Amino acid sequence: MPTTDKSGKSNVSFTEQEALQFHQQGRPGKLEITPTKPMATQRDLSLAYSPGVAVPVLAIAEDPSRAFDYTTRGNLVAVISNGTAILGLGNLGALASKPVMEGKAVLFKRFADVDSIDLEVDTEDVDAFVNAVRYLGPSFGGINLEDIKAPDCFIIEQRLRELMDIPVFHDDQHGTAIIAVAGLINAMHLTGRTPADTRIVCNGAGAAGIACIELAKAMGVPHDNIILCDTKGVIYKGRTEGMNQWKSAHAVETEARSLYDALKGADVFLGVSVKGALTEDMLRVMAPNPVIFAMANPDPEITPEEAHRVRDDAIVATGRSDYPNQVNNVLGFPYIFRGALDVQATTINDAMKVACAEALAKLAREEVPDEVAAAYRGSRPKFGPEYIIPVPFDPRLISTIPPAVAQAAMDTGVARRPIVDMEAYHHQLSARRDPVAGTLQRIFSKVRQQPKRVVFAEGEEEPVIRAAASFVAQGLGEAILIGREDEIREAAIGAGIDIERAGISVHNARLSNRNSDYAEFLYGRLQRRGYLQRDCQRLVNNDRNYWGAIMVARGDADAMVTGLTRNYSVALDTVRNVIDTKPGHRVIGVSLALCRGRTVLVADTAVIDMPTSEELADIAEEAAHVARRLGYEPRVAMLAYSTFGHPRGERSEKVIEAVKILDRRRVDFEYDGEMGADVALNMDKMGAYPFCRLTGPANVLIMPAFHSASISTKMLQELGGSTVIGPLLVGLDKPVQILPIGAKDSDIVNMAAIAAYNVT
């Protein structure tokens, strides 16, 4: 996502021409509609439209709730604007707002897998706008209002909420409020405040400002503890100038008449106004440890540099991504609608908003993974004054916020379809955000039932230490770090991890009482391969992969993960010097590719360079076994550049012979070949060969050579938008997984879990 603030300005440098080309190139705009059902045959069309469509029509007519089962309604949000308050650009009309509304729809899909359609309503008449939208209810599961000027936005949202039985949410109001309150919760936590004793001054009495103080009151800040200000000063009881019903609702008894007066002794400043509205003199009169939310765009009411120049005890948040603590609406609206849609909520109420804010606040207090650190250019943020709000790139948002919102909807009685199994719902959400998650979830669940002792061989590396801590925290088992204890502890301190508290074990090969025993074990294996006893002692003392592999081989640990700092082939050679091939198996690499909801295993992607026919048959059996271990019923395609004899070639002959070998072995899974990848993955193309024994698209692809397997999976990952896990090392007598060099801590955890699960 580009780091763009609500004004439309960006902290990423680009020219106007580049921005125009981005929106113009290829298909103009940012959205397209893609069917989710096959539309290739006459039968497909008959089912999709006439006469097959009559069946769900009649079902919905009989029971309107079935629309959520048979149509897109349950995952479809309308993003609607009349363009009267576009970003920070003003009233430019409905048509000019379309690029923004398309962008909003893209964010819905990108962050929460919510389908969205933008609708631009060309009227500034409130009654006409309401009438245009109110009748759209049957089409959508929710309405997101956007860029509508105040006070029209208040009237429009309130009337539509009364008229419609689906969530209506004006994000410019509530989105800003929810994220700001999430930050406020953590700021109060850091400064020892509670809602009941916190004094807030809000400058800006438009849609966002009023929404901020309403939500602050909903979470427990007393009415009299909040002073609202506008361009004419404090909104106090008895004031008549520039007032309306929304401002009057927040008027208080106070002697203060200016923003400066209101800020004397105040704990919190909420700014949704203009650049420079908060001066250094005003900041000086605030209470100790003041909390500043300067959210004016593109320039805040006061910059963090200006604030800290006079108050080094201040906690500062802005709306900009180039400062810490960005108040960014994308942290809220996609996930709020995700939770609301999933329980078919009739509205988004205050309890759901508070639940979102509290879940965001809690997430910011948790340890930060690599994906978030990457957004900070590698500097890993820790909960504190400069990290009180999560960042939009945090992959945990999808599985954290919607469950909190959904639970609040159920607790307050606005959910039409309550979620029975919240744990399963968490897993489903993870799968929406990351296609790997659905596949890995089965592995993680199984490992939690039978936790394992996993060796993390490169124990002095900070990503490995973080991964080990996460492995233990997730209940996957015991983590054993190999390395020098002092180096590990120093790296752990840098990562903000307490080794003892995290429950991590440390093994130093040189100091271990198993040293001589392990050296003797290794010498027994390698003495007839040219190794002297002192060679084996040196390897045990100095090579963590040898030590870790011997731990696993001797039963002192259950599995091992390595490779962060070693080439795959080097690490594999070391491991194979210690651990034998499992009887009846062959050591190979299997990569797991996930793309657009389809999961495909590819083999061999790591070990055998130019396999013979016999080896290809072995690879097929091994990969089919892995597929079953991962929960898939294998349909194996033996790939080649030819398909069933055309064109013939020497390399294809090997594949043809491998199929014959599988025939003779009478294996218990579907397989066929030789065939091209397009035929293997496309049932329509496979239909040209009615004799093909596969009953569906292949989900296991056996490549004719290592190089084709490795090249294709890497191209698929880089060009095809796929997620690729692996290669998974299978066929060893003890489970070991080898990482790609430079893997992130989340990748390390995944591979450690796979090692513990033992896919062989």
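Quick caveat: nothing in here was measured; it's all calculated off a predicted structure. (Residues numbered from 1 in each chain as written. Predicted model: local features only at pLDDT ≥ 70, side-chain atom pairs only at ≥ 80, totals over all residues. Heavy atoms only, no water.)

Colleague: Sorry, what's going on with the overall build of the chain here?
Modeller: Helix and strand content of the chain: 32 helices and 21 strands. Taken over the C-alpha trace, the chain has a radius of gyration of 30 Å; the compact-globule value for 760 residues is 27 Å, and the two agree within 12%. Considering the chain as a whole, with its 760 residues, one finds that 52% of them fall into the buried category. In the chain, of all internal contacts separated by at least 6 residues, the share reaching a separation of at least 24 is 70%. Carbon and sulfur atoms form 51% of the exposed surface of the chain, whose accessible area is close to 33300 Å². Each charge sign in the chain was given a centre, from 81 positive and 97 negative side chains, and these centres are 4 Å apart. (Helix = DSSP H or I, 4+ residues; strand = E, 2+ residues; numbered from the N terminus. Rg over C-alpha atoms; globule rule 2.2 N^0.38 Å. Buried < 20%, exposed > 50% of the residue type's maximum accessible area, 1.4 Å probe, protein only. Contact = heavy atoms within 4.5 Å. Areas by Shrake-Rupley, 256 points an atom, 1.4 Å probe, with all protein chains shown as cover. Lys, Arg positive; Asp, Glu negative; His and termini not counted. Charge placed at Lys NZ, Arg CZ, Asp CG, Glu CD.)

Colleague: Help me out: how do you make sense of the sheet that holds strand β3 (residues 142-145) in this one?
Modeller: Pairing between the strands of a sheet comes from backbone hydrogen bonds, and it takes one of two forms, parallel or antiparallel. Pairing within the open sheet is parallel, and its four strands lie in the order β2-β1-β3-β4. The open sheet is flanked by β2 (115-120) and β4 (168-170), the only strands paired with a single partner. On average, adjacent strands in this sheet sit at an angle of 25° to one another, irrespective of strand direction. As paired elements, strand β1 (residues 76-81) and β3 share four bridges and run parallel to each other. Paired with V79 across the strands is N144, a residue of β3. Of the strands in this sheet, β1, β2 and β3 are in contact with helix α5 (residues 98-112), which crosses β2 at around 165°. (Pairing = 2+ DSSP bridges. Axes fitted to C-alpha atoms, helices over the stretch in contact; angles between N-to-C directions.)

Colleague: Would you mind going over the sheet that holds strand β9 (residues 291-294) with me for this structure?
Modeller: Read from one edge of the open sheet, six strands run β7-β6-β5-β8-β9-β10, paired in mixed fashion. Only two strands of the sheet have a single partner each, and these edge strands are β7 (233-234) and β10 (315-318). The pairing of strand β8 (residues 268-271) with β9 spans four bridges and is classified as parallel. Residue F269 lies in a different strand from β9, and its bridge partner there is I292. The strands touched by helix α8 (residues 171-191) within the sheet are β5 (200-203), β8, β9 and β10, with β9 carrying the most contacts at an inclination of about 160°. Contacts from helix α9 (residues 207-218) reach β5, β6 (226-230) and β8 within the one sheet, and its direction differs from that of β6 by about 175°.

Colleague: Honestly, the pattern of salt bridges in this entry has me stumped. Any pointers?
Modeller: A side chain with one charge can pair with a side chain of the opposite charge if their charged atoms come near. Tallying each qualifying case throughout the model produces 52 salt bridges. Between E615 and R586 there is a salt bridge, with the nearest N and O atoms lying 3.8 Å from each other. A residue pair is termed long-range when its members are at least 10 positions apart, and E615 in helix α27 (residues 613-629) and R586 in the loop between α26 (568-578) and β15 (588-595) qualify at 29 residues. Here R586 falls in the partly exposed class, since its relative accessible area comes to 25%. Connected through salt bridges with shared partners, the residues R586, E614, E615, D618, E621 and R665 form a single ionic network. (Salt bridge = Lys/Arg side-chain N within 4 Å of Asp/Glu carboxyl O.)

So yeah, pure geometry; function would need other evidence.
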